[in-house]
Amino acid sequence: MANEEDDPVVQEIKPKQQKVELEMAIDTLNPNYCRSKGEQIALNVDGACADETSTYSSKLMDKQTFCSSQTTSNTSRYAAALYRQGELHLTPLHGILQLRPSFSYLDRADAKHREREAANEAGDSSQDEAEDDVKQITVRFSRPESEQARQRRVQSYEFLQKKHAEEPWVHLHYYGLRDSRSEHERQYLLCSGSSGVENTELVKSPSEYLMMLMPPSQEEEKDKPVAPSNVLSMAQLRTLPLADQIKILMKNVKVMPFANLMSLLGPSIDSVAVLRGIQKVAMLVQGNWVVKSDILYPKDSSSPHSGVPAEVLCRGRDFVMWKFTQSRWVVRKEVATVTKLCAEDVKDFLEHMAVVRINKGWEFILPYDGEFIKKHPDVVQRQHMLWTGIQAKLEKVYSLVKETMPKKPDAQSGPAGLVSGDQRIQVAKTKAQQNHALLERELQRRKEQLRAPAVPPGVRIKEEPVSEEGEEDDEQEAEEEEPMDTSPSGLHSKLANGLPPGRAAGTDSFNGHPPPGCASTPVARELRAFVEATFQRQFVLTLSELKRLFNLHLASLPPGHTLFSGISDRMLQDTVLAAGCKQILVPFPPQTAASPDEQKVFALWESGDMSDQHRQVLLEIFSKNYRVRRNMIQSRLTQECGEDLSKQEVDKVLKDCCVSYGGMWYLKGTVQS
């Protein structure tokens, strides 16, 4: 934009139901104006052909519309002030409107885009149809409109929008700030009766005078919300009780040092009262305060990603917080393995209090606050006792290895120092040698127990190592920490299938049980029944999605079920192939973000219905293409099946196996948005 004196601004005002639309011309000759962007916006809105209905007749975005919104319902407490020659002149306001840019031209551009897409699809679907087909039409005559119907039509949103669009614009002339007309209007803001000296003295106290100027509005106090919902207003926040202020701040910030909390609450707030309030809504982690899980996930709520109830989410997030009291680093794979929650929920937990570091894991987001630890030892001791109770509860729920806790948590003893990779490997080797004999004895004991006809308790699902931090760093991270397992004994979490690495590599047994490759074993029969039932409902699944569904199936089974003996990824894949499914080698693009489990796609080859042949043709198409257009799928189905398929048949096959995204079709589970 240019200056007011040089820019030929055209303003148009359109009043409608206490709303104002202001249309301003844009100086397209200004060096700051991007002409290519303006042409592109005009092309998207109006298309290539310009006519009298075009928004931008010059084929260039040369104007911008501003739409008003009502800022407040009660303007009696507001005034316009003008200070001149030592006098303050106040003028009451009867209405306040705030102008904001209107992006209605983007809606018109979207409508044009949808019209073009609909025209293209109609053109594709009507290639084989004759243009001179005669179609029967039905003519209906509308009945006379009743008075009630007319009133409903007049009050409808569509009628008001149409009337709003038909209202003529009112052209206005713009006068600059220093223009004589502007100066004349500004004189109306000055009080003409200021010559009387008797009226200039204030006989009331300042607080009483302010109360007269701004009396409290009972209506506004009644309508004022109890607390801000998604936007924090510090002025409104400080009108709430101290406990509510602390709760709202912690719920929005998630992690905060005590010094920052005091600065937000104000210097007049007592720190002792804040300490009492913060302990009700937050826990101490590495000298900083982290909001409690039940504040973020209240009772009767659930996960937006997986639908898991709030109680399970609170337990999983408490585990993440407890891990950060022991170390500055947490591995997401370990959290997902222990808590059995989906990747999105675990990521939400970590993003609340940590940042990801490449090839290292997740680091606690704030530095260690040693000053608070030294200044408030009584609070630290009380928090340590709370964490001890939480640890005992987590050990019972997740069957964790009971670790010997130091007298003071790691978060209170000082920040952890940096350790080189060679030192970490050496420490891991030393711990592995020390625990080898103990693990061998535990293995022999478990083998003896498995000879008896008993079903081992607990749930174990062997996971293949897939991690965003890299396999080598995961192994070093896992070897450095104390063993932690989800099995009741918890003494062989570092060994594949309960055996040392050298011996576990040559076998696919798990916890001493033979692999369910033979159909005669109860485990194989149960697993195959689950796989067949799952693929009858969903014809195409990735290995990642299949494992998630299997975990949910395990959670619904009673304790002691045969599937609790442990199922590895290889067993699951072999059972899928044995159940009549085939692996579809989808050619993912080189830059794909899909994990290895998400790139393994399995599909039911024969289900026994009439659409088997159509699905097989579709799956062969996706074995050579990552994404396909609908017209290509339809032509290929017609060519292979030798018949002209109806739209309903094609839609059924696509619904069974594919999803649409951005005008293209992908196999289910393979699209990366």
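Note that this is a predicted model, so its numbers are computed, not measured.

Attention shifts here to the overall build of the protein. Helix and strand counts for the protein stand at 28 helices and 18 strands. Considering the protein as a whole, with its 673 residues, one finds that 35% of them fall into the buried category. Here the analysis covers contacts within the protein between residues at least 6 apart in sequence; of these, 65% occur between residues at least 24 apart. Counting only carbon and sulfur atoms, one obtains 53% of the accessible surface of the protein, whose full area is about 42,500 Å².

On to the sheet that holds strand β14 (residues 540-542), then. Across the sheet, 3 strands lie side by side as β14-β16-β15; this open sheet has antiparallel pairing. Both edges of this open sheet fall to β14 and β15 (581-584), since each of them pairs with a single strand only. Taking each pair of neighbouring strands and ignoring which way they run, the sheet shows an average axis angle of 30°. Across 4 bridges, β15 lies against strand β16 (residues 601-604) in antiparallel orientation. Residue Lys582 lies in a different strand from β16, and its bridge partner there is Ala603. This element, helix α22 (residues 522-537), spans β14, β15 and β16 of the sheet and lies at about 80° to β16. Of the strands in this sheet, β15 and β16 touch helix α24 (residues 569-578), which is tilted by about 115° from β15.

To continue, consider the nonpolar core. Core analysis: the largest hydrophobic core is formed by 56 residues, its most contacted members being Met250, Ile278, Trp289 and Phe324. Looking at this core element by element, the count peaks at 8 residues for helix α13 (residues 310-326). Judged by nonpolar contacts, the second largest core, of 50 residues, contains Leu618, Val628, Leu645 and Leu654.

Residue placement: Gln391 occurs in helix α17 (residues 377-398). Remark: the alpha-carbon pair of Gln391 and Asp318, spanning 73 residues in sequence, is separated by 9.1 Å.

On to a nonpolar patch on the surface. A surface patch of nonpolar side chains, amounting to about 830 Å² of accessible area, comprises Tyr83, Leu88, Leu90, Tyr209, Leu210, Met212, Leu213 and Met214. It is helix α6 (residues 206-213) that contributes the most residues to the nonpolar patch, 4 residues altogether. Locating Tyr209 in the fold gives a position in helix α6. The exposure class assigned to Tyr209 is partly exposed, which follows from its relative accessible area of 33%.

On to the pattern of salt bridges, then. Counted according to the given criterion, the structure contains 15 salt bridges. The shortest N-O distance in the salt bridge between Glu183 and Arg186 comes to 2.4 Å. Placement of both Glu183 and Arg186 in helix α5 (residues 180-186) is noted, with a separation of 3 residues, approximately one turn of the helix. Assessed through its relative accessible area of 32%, Glu183 is described here as partly exposed. According to the relative accessible area criterion, Arg186 is partly exposed, its value standing at 21%. Among the salt bridges present, the one from Glu363 reaches Arg328, with a minimum N-O distance of 3.6 Å.

Here the phi dihedral of Gln286 falls at roughly 55°; this positive angle occurs in a residue that is not glycine. Here Gln286 shows up in the loop between β9 (282-285) and β10 (288-291). Despite not being glycine, Asn359 has its phi angle at roughly 60°, a positive value. Summarising the element assignment, Asn359 is placed in the loop between β12 (354-357) and β13 (361-364). Classification of Asn359 as partly exposed rests on a relative accessible area of 41%.

Turning our attention to the sheet that holds β10. What links the strands of a sheet is backbone hydrogen bonding, and the strands pair in either a parallel or an antiparallel sense. If you trace the 3 strands from one edge of the open sheet to the other, you get β8-β10-β9, paired in antiparallel fashion. Here the strands that pair on one side only, and so sit at the sheet edges, are β8 (255-256) and β9. Two elements, β8 and β10, share 2 bridges in a ladder whose sense is antiparallel. In the strand pairing of β10, Met256 is matched with Trp289.

Let us now look at the environment of Ile246. Tracing the backbone through its elements, the reader meets Ile246 in helix α9 (residues 242-253). With relative accessibility at 0%, the residue Ile246 sits in the buried group. With 31 residues separating them along the chain, Ile246 and Gly277 place their C-alpha atoms 6.9 Å apart. Apart from the residues within four sequence positions on either side, Ile246 is in contact with Leu261, Leu265, Val274, Gly277, Ile278 and Val281.

Where strand β17 (residues 658-661) lies against strand β18 (residues 664-667), 4 bridges are found, and the strand directions are antiparallel. Its bridge partner lying in β18, Cys658 is registered against Leu667. Remark: 2 residues form the turn of the hairpin made by β17 and β18, two consecutive strands paired antiparallel; Gly662 in that turn has positive phi of roughly 65°.

With their axes 10 Å apart at the nearest point, α13 and helix α15 (residues 343-353) run at an angle of 45° to one another. The angle between α13 and α15 falls in the class oblique. Regarding α13 and α15, the two cross each other, and that crossing is right-handed. Packed against α13, whose contacting residues are Leu313, Gly316, Arg317, Val320, Met321 and Phe324, the element α15 presents Asp345, Phe349, Leu350, His352 and Met353 at the interface. Class assignment for the residues of the contact of α13 with α15 results in 7 nonpolar, 2 polar and 2 charged.

For the rest of this paragraph, the subject is the environment of Pro309. Topologically, Pro309 is positioned in the loop between α12 (293-296) and α13. By relative accessible area, Pro309 is classed as partly exposed at 45%. Between the C-alpha atoms of Pro309 and Lys299, which are 10 residues apart in sequence, the distance is 8.4 Å. In this structure Pro309 touches Ser301 and Ser302, once residues within four positions along its chain are discounted.

Attention shifts here to α17. In this model α17 runs 31 Å from its N-terminal to its C-terminal C-alpha over 22 residues, within 8% of the 32 Å that 1.5 Å per residue would give. Where α17 is concerned, the buried positions are Val379, Val380, Gln383, His384, Trp387, Gln391, Leu394, Glu395 and Tyr398. Here the buried residues of α17 occupy an arc of 140° about the axis, which is enough to place them on one side. Every exposed residue of α17 that faces more than 90 degrees away from the buried side is listed here: Met385, Lys393 and Lys396. Downstream of α17 by one or two residues, Ser399 has phi in the positive range, about 55°.

What counts, and where the lines are drawn
Residues numbered from 1 in each chain as written. Predicted model: local features only at pLDDT ≥ 70, side-chain atom pairs only at ≥ 80, totals over all residues. Heavy atoms only, no water. Helix = DSSP H or I, 4+ residues; strand = E, 2+ residues; numbered from the N terminus. Buried < 20%, exposed > 50% of the residue type's maximum accessible area, 1.4 Å probe, protein only. Contact = heavy atoms within 4.5 Å. Areas by Shrake-Rupley, 256 points an atom, 1.4 Å probe, with all protein chains shown as cover. Pairing = 2+ DSSP bridges. Axes fitted to C-alpha atoms, helices over the stretch in contact; angles between N-to-C directions. Core = buried A, V, L, I, M, F, W, Y, C linked by side-chain atoms within 4.5 Å. Patch = residues over 30% accessible without salt bridge, like charges linked within 9 Å, V, L, I, M, F, W, Y side chains within 5 Å. Salt bridge = Lys/Arg side-chain N within 4 Å of Asp/Glu carboxyl O. Parallel < 35°, antiparallel > 145°, perpendicular 65-115°, else oblique. Left-handed = near helix turned anticlockwise from the far one by under 90°. Nonpolar A, V, L, I, M, F, W, Y, C, P; charged D, E, K, R; others polar. Expected span 1.5 Å × (residues − 1). Arc of directions from axis to C-beta.

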